[in-house]
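# Structural features, examined
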Amino acid sequence: MKAFSLYKKDWQSELRTRYAINALAMFILVTISVIMFSVGNEKITEYLTGGLLWVVIFFSAMSGLSRAFVSEEERGTTMTLHLLASPSTIFSGKLIFNLVLVFLMNFVITILFSMLFPSFIIKNVVLFLIAFLLGNVGIAVSSTIIAAIISKASSKGTLYPVLSFPILLPLILTLLELTKFSMDGNSVEASSVEIFVLVCYDVIMGTASYLLFDFIWKE
Amino acid sequence: MTDYSVELNNLTKYFGRRLIFNGISFNFTSQNIYGISGPNGSGKSTLVKIIANLNSATKGKVVHKSGEKLIEPEELHNYIGFVSPYLFLYDEFTAEENLIHSSRIRGIHYGKEKADHLFNELNLFDRRNDLVRGYSSGMKQRLKFIFALLHEPQLLIFDEPTSNLDATGKEAVYSIIKNELKNNLVIIASNEETDLSLCGRVIELEQFKS
């Protein structure tokens, strides 16, 4: 409940300042436009559109999700949060905020991809939705803890994608594989190993982040 | 009212190789006002941050007790009211929204009556629905006192409590401090003679430099 109250505070603050939403919207618009200009009249393969989808998602996440902690640090309100809630509440509240943002962002990107790229055809929608759901959770959890780590650094903008890349790489590779499977129309059963990898990633990252946050937040 | 106590055990703080203070041992107890003084850079703010668990000591420890109950660091925020020049509230919210959000995040009911009383006492009642962005530095300082007092903490830590305040603001703050003294423990870090004159005992940080 306290974490949800923190999420509500962040969401109301976001609606007033448009700190992350504007950055995300512009990034999505620009990247998809650039891809479309680059492709021109060429016909691109469906696998390539699947790959491009996750590339856009990865870089969009890099441009907007760090705001959860960076905006607090830049406004000097980190200490205010310290005085309001326990580290676990703060991590959970920020995670809920990033989850909502990731789901909204990825939903918009996927809809735009299906409208603008005719070769982006998903044959097994259920498999894609499972990958989408687990992938979004993984991206949100990883981005939240990385944002907390980099928020105190002086070169936040550079550090965030650099630190995120190795952490998100196994997730993105598995998501690429599952997107390919869902485009091929493979069954959920046939893709169970990859789904299990995603579940493990989410659980490991979630647990490790929750345990580590106390130390990161204190100093 | 439960007694609140803070015990400093041999606290030492270094920033890199620079010693800030060394070997501070002290007991703070309820219904007293304590002062922490020293020249600029002597570590007053660092010490109050360590007491409030916002920073760590290089050596030594701080023990908080409410009655006989030992307070765990994760629960400490519920017992502390903190005012300092480096505490910032959310500019994009009004003063009242800041307090409503902070109460909800603490998991407590927003005490409108208490908030209105404090708004009146600190002369902010008419401006409570204005965005904090439009506040002067003195008004922001007054708002920090409401933020610190609303959840009725047992330990009040005021770092330079009267900075940016005009004469009326200072009077209001002194009256609040005297009132809080009846039940709570108050620690003031300041160099202002008038602030320190309220304190029963003062820790001089210059004595802990070797």
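Just above, that's the structure.
In what follows, the accompanying structure is described. Since the model is a prediction, treat every value here as computed from it, not as a measurement.

## Looking at the interface of chain A and chain B
Listed per partner, the contact involves 23 residues of chain A and 27 residues of chain B. Of all residues in chain A, Met79(A), Leu83(A) and Leu84(A) bury the most surface against chain B, accounting for 30% of the area lost on that side. Linking chain A to chain B there are two salt bridges. A salt bridge links Glu97(B) to Arg16(A); the nearest nitrogen and oxygen atoms lie 2.8 Å apart. Secondary structure elements with two or more residues in the side of chain A that touches chain B: α1 (2-17), α4 (67-75) and α5 (78-84) of chain A. No other element matches α1(A), which puts nine residues into the side of chain A that touches chain B. Here the side of chain A that touches chain B is built from residues that sort into six nonpolar, nine polar and eight charged.

## Here's the deal with unusual backbone geometry
All names here are of chain B. Backbone geometry places Asn-10, a non-glycine residue, at a positive phi of 50°. Residue position: Asn-10 is located in strand β1 (residues 4-15). Phi at Gln-31 is positive, roughly 60°, even though this residue is not glycine. Within the secondary structure, Gln-31 is located in the loop between β2 (18-29) and β3 (33-37).

## Structural notes on the nonpolar core
Of all hydrophobic cores here, the largest spans 134 residues; its most connected members are Phe28(B) and Ile51(B). Broken down by element, this core gets its largest block of residues, 13 residues, from helix α7 (residues 125-150) of chain A. In this view, Phe28(B) contacts Tyr4(B), Ser5(B), Val6(B), Leu8(B), Tyr34(B), Ile51(B), Leu185(B), Ile187(B) and Ile203(B); residues no more than four positions away in its chain are not counted.

## Quick look at the sheet that holds strand β6 (residues 80-83) of chain B
Residues and elements named next belong to chain B. The strand order across the open sheet formed by five strands is β6-β7-β8-β3-β9, and the pairing between neighbours is parallel. Here the strands that pair on one side only, and so sit at the sheet edges, are β6 and β9 (201-204). Strand-to-strand twist in this sheet, taken as the mean axis angle between neighbours without regard to direction, amounts to 15°. In the sheet, β3 pairs with strand β8 (residues 185-189) via four bridges, with the strands oriented parallel. Paired with Tyr-34 across the strands is Ile-187, a residue of β8. Its contacts with the sheet place helix α4 (residues 137-149) against β6 and β7 (155-159), and it is angled at close to 175° to β6. Packing against the sheet, helix α5 (residues 167-181) makes contact with β3, β7 and β8, and its axis sits at approximately 145° to β8.

## Considering the pairing of β6(B)
Residue and element names in this part refer to chain B. Burial along β6 is two-sided: Ile-80 and Phe-82 and Gly-81 and Val-83, pointing in opposite directions, are all buried. Inspection of the sheet shows β6 paired to β7 by four bridges, in the parallel sense. Of the residues in β7, the one forming a bridge with Gly-81 is Leu-156.

## Re the pattern of salt bridges
What the rule picks out here adds up to 15 salt bridges over all chains. Each of Lys9(A), Asp10(A), Glu72(A) and Lys94(A) takes part in one network of salt bridges that share partners.

## Side note on a nonpolar patch on the surface
Residues and elements named next belong to chain A. Residues Met-36, Phe-107, Val-108, Ile-111, Met-115 and Leu-116 make up a contiguous nonpolar surface patch of roughly 540 Å² in combined accessible area. Sorting elements by how many residues they give to the nonpolar patch places helix α6 (residues 87-116) first, with five residues. Its location among the elements puts Phe-107 in helix α6.

## Overview of the packing of aromatic side chains
Applying the stated criterion across every chain yields a total of 21 aromatic pairs over all chains. Aromatic side chains Tyr7(A) and Trp11(A) sit 6.3 Å apart centroid to centroid with 25° between the ring planes, which places their arrangement in the stacked category. Here Trp11(A) and Tyr7(A) lie together in helix α1, a separation of four residues that amounts to about one turn. Plain terms: the ring middles of Phe26(B) and Phe28(B) are 4.9 Å apart, the flat faces sit at 50° to each other, and that makes the pair tilted. On the accessibility criterion, Phe26(B) (13% relative accessible area) is buried. Assessed through its relative accessible area of 0%, Phe28(B) is described here as buried. Clustering of aromatic rings is evident, with ring pairs tying together Phe103(A), Phe113(A), Phe117(A), Phe120(A), Phe128(A) and Phe132(A). Over the ring of Tyr47(A) we find Lys180(A); its NZ or CZ atom is 5.6 Å from the centre of that ring. In this structure, Lys49(B) is placed above the aromatic ring of Tyr86(B), and the distance from its NZ or CZ to the ring centre is 4.4 Å.

## Here we look at the sheet that holds strand β5 (residues 69-70) of chain B
Residue and element names in this part refer to chain B. Spatially, the four strands line up as an open sheet ordered β2-β1-β4-β5, and their pairing is antiparallel. The strands lining the two open edges of the sheet, one partner per strand, are β2 and β5. Of the pairings in the sheet, the one linking β1 to strand β4 (residues 59-66) comprises seven bridges and is antiparallel in character. Its bridge partner being in β4, Val-6 is matched across the sheet by His-64. Along the sheet face, helix α1 (residues 44-51) touches β1, β2 and β4 and points at about 130° away from the line of β1.

## Section: the side chain of Glu194(A)
Residues and elements named next belong to chain A. Of note, Glu-194 is situated in helix α9 (residues 192-218). For the buried Glu-194, no salt bridge exists, and the shortest N-O distance to an oppositely charged side chain is 9.3 Å, to Lys-180. Glu-194 has contacts with Thr-174, Glu-177, Leu-178 and Phe-181, leaving out every residue within four places of it along the chain.

## Overview of the packing of helix α2 (residues 95-106) of chain B against α4(B)
Residue and element names in this part refer to chain B. For the pair α2 and α4, the least separation of the axes is 10 Å and the interaxial angle reads 25°. Considered as vectors, α2 and α4 are oriented roughly parallel to each other. For the pair α2 and α4, the sense of crossing is right-handed. Seen from α2, the contacting residues are Ala-95, Leu-99, Ser-102 and Arg-106; seen from α4, they are Leu-143, Ile-146 and Phe-147. For the contact of α2 with α4, the class distribution of residues is five nonpolar, one polar and one charged.

Calculation rules
- Throughout this document, residue positions are counted from 1 along each chain, in the order its sequence is written.
- Chains carry letters from A onward and ligands carry numbers from 1 onward, assigned in written order.
- In keeping with the model being predicted, local features are shown solely for residues with a pLDDT of at least 70 and side-chain atom pairs are shown and tallied solely at 80 or more, while totals for entire chains, interfaces and linings include all residues.
- Values reported for side chains reflect all heavy atoms of the structure, with hydrogen atoms and water molecules removed beforehand.
- In what follows, a contact means two residues having at least one pair of non-hydrogen atoms within 4.5 Å.
- When two components associate, each loses some accessible surface as probed by a 1.4 Å sphere; the sum of these losses over both components is called the buried area.
- Put simply, a salt bridge is a Lys or Arg side-chain nitrogen that is within 4 Å of an Asp or Glu carboxyl oxygen.
- Secondary structure elements are taken from DSSP: a helix is a run of H or I of four residues or more, a strand is a run of E of two residues or more, and numbering for both begins at the N terminus.
- Any residue that is not Ala, Val, Leu, Ile, Met, Phe, Trp, Tyr, Cys, Pro, Asp, Glu, Lys or Arg is counted as polar, Gly included; the first ten are nonpolar and the last four charged.
- Take the buried residues of types Ala, Val, Leu, Ile, Met, Phe, Trp, Tyr and Cys, join any two whose side-chain atoms come within 4.5 Å, and each joined set is a nonpolar core.
- Three exposure classes are used, based on accessible area relative to the maximum for each residue type with a 1.4 Å probe and protein chains only: buried under 20%, partly exposed in between, and exposed over 50%.
- One requirement defines pairing of two strands: DSSP has to find at least two bridges between them.
- Axes here mean lines fitted to C-alpha atoms, for a helix over just the part in contact, with angles spanning 0 to 180 degrees between N-to-C directions.
- What goes into a patch is any residue over 30% in relative accessible area without a salt bridge, connected to like charges within 9 Å or, for nonpolar side chains (Val, Leu, Ile, Met, Phe, Trp, Tyr), within 5 Å.
- The method behind every accessible area is Shrake-Rupley, applied with a 1.4 Å probe, and residues are considered shielded solely by the protein chains displayed.
- Any two of the Phe, Tyr and Trp rings considered here, Trp counted by its six-membered ring, make a pair once their centres fall within 6.5 Å; the pair's planes then place it as stacked at under 30 degrees, edge-to-face at over 60, or tilted in between.
- Working rule: Lys NZ or Arg CZ, within 6 Å of ring centre, within 35 degrees of ring normal, means a charge sits over the ring.
- For the purpose of charge, His is not counted, nor are the chain termini; Lys and Arg are scored as positive and Asp and Glu as negative.
- For classification purposes, angles smaller than 35 degrees are called roughly parallel, those larger than 145 roughly antiparallel, those between 65 and 115 roughly perpendicular, and all remaining angles oblique.
- Crossing handedness is read from the near helix: turned anticlockwise from the far helix by less than a right angle, it gives a left-handed crossing, and turned clockwise, a right-handed one.

No statement about biological role is implied by the geometric values presented.
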